[in-house]
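Below are the chains, spelled out letter by letter.
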Amino acid sequence: MASHRTFTMIKPDAVEAGHIGNILKQITDSGFKIVAMKFTRLSKQKAGEFYAVHQERPFYQELVDFMSRGPIVAAILEKENAVEELRKLIGATNPANAEPGTIRALYAKNVGENAVHGSDSDENAAIEASFHFAGVEIF
Ligand code: DAT
Ligand code: MG
């Protein structure tokens with residue numbers, strides 16, 4: 001995947017709270033183009049695989065339970081410098097530390113239920129995008 005792309009998820013807490021539309025609007029208003037998108041749900045096994053890098057962390061089981069408890073929106077986004085730009089737009093992992101106006105400052109409940117995911121590198125963006133999407137689903 002080209003480096004002008006990143007991967008995002010609107011997490012179960014934000015979907016449950018009815019924030020899909022507002023979050024997608026904020027993303028597209030910030031200049032991102034959606035090149036793939038689906039409304040789906042992670043099984044516990046799939047959530048565990050997605051976050052396998054965190055499996056030694058004390059919050060891993062909580063994270064897997066949370067990410068599999070309801071539907072999510074998964075999307076691939078395109079913009080110049082996409083990974084860094086999306087991380088700026090979503091804000092710090094803990095919403096208490098997130099800049100005002102960022103998606104997590106606006107919609108996240110706490111460090112565990114923090115509304116959105118954004119890839120942290122071009123390499124992980126490519127891995128995460130192919131975890132969720134087949135080539136024919138990316139436009
Ligand atoms: P980010 O999602 O900002 O990339 P991360 O990769 O460090 O953050 O962690 C992945 C997710 O794990 C994060 O979005 C929410 C959860 N998490 C991280 N730190 C946590 C903590 N201290 N307590 C509970 N959940 C945590
Ligand atoms: Mg991360």
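Position numbers for residues start from 1 in each chain and track the written sequence from start to end. Note on labels: chains are lettered from A, ligands numbered from 1, in written order. Residues qualify for local features only when their pLDDT is at least 70, as the model is predicted, and side-chain atom pairs are given and counted only at 80 or more; totals for whole chains, interfaces and linings, by contrast, use all residues. The side-chain quantities take in all heavy atoms of the structure and omit both hydrogens and water.

Undergrad: So what's going on with the overall build of the protein? Residues and values would help.
TA: When its secondary structure is counted, the protein shows 7 helices and 4 strands. Comment: elements are numbered from the N terminus, with helices defined as DSSP H or I runs of at least four residues and strands as E runs of at least two. Across the protein, helices and strands are ordered from the amino to the carboxyl terminus as β-α-α-β-α-α-β-α-α-β-α. The globule rule puts the C-alpha radius of gyration for 139 residues at 14 Å, and the 14 Å found for the protein is close to it. Considering only C-alpha atoms, the protein reaches an extent of 35 × 35 × 25 Å along its principal axes. Exposure is judged per residue with a 1.4 Å probe applied to protein chains only, and the accessible area is read against the type maximum: over 50% gives exposed, under 20% gives buried, and values in between give partly exposed. Here the protein holds 139 residues, and the buried ones make up 45% of them. By sequence separation, contacts in the protein at least 24 residues apart represent 76% of the contacts at least 6 residues apart. Using C-alpha atoms as the atom set, the radius of gyration is obtained and then compared with a globule rule of 2.2 Å times the number of residues to the power 0.38. Only heavy atoms enter the contact rule, under which two residues are in contact if any of them lie within 4.5 Å.

Undergrad: Requested: an account of the sheet that holds strand β1 (residues 5–10), with residues and values cited.
TA: Pairing is antiparallel across the open sheet formed by 4 strands, whose spatial order is β2-β3-β1-β4. On the outer flanks of this sheet lie β2 (33–40) and β4 (116–118), each paired with one strand and no other. Neighbour to neighbour, the strand axes of the sheet diverge by 15° on average, direction disregarded. Strand pairing follows a simple DSSP-based rule, namely that at least 2 bridges must link the two strands. Of the strand pairs in this sheet, β1 and strand β3 (residues 72–78) are connected by 6 bridges, and their pairing is antiparallel. Bridged to T8 within β3 is A75. The axes are straight lines fitted to the C-alpha atoms, using for helices just the contacting stretch, and the angles between their N-to-C directions are given from 0 to 180°. Contacting β1, β3 and β4, helix α5 (residues 82–90) crosses the sheet at an angle of about 30° to β1.

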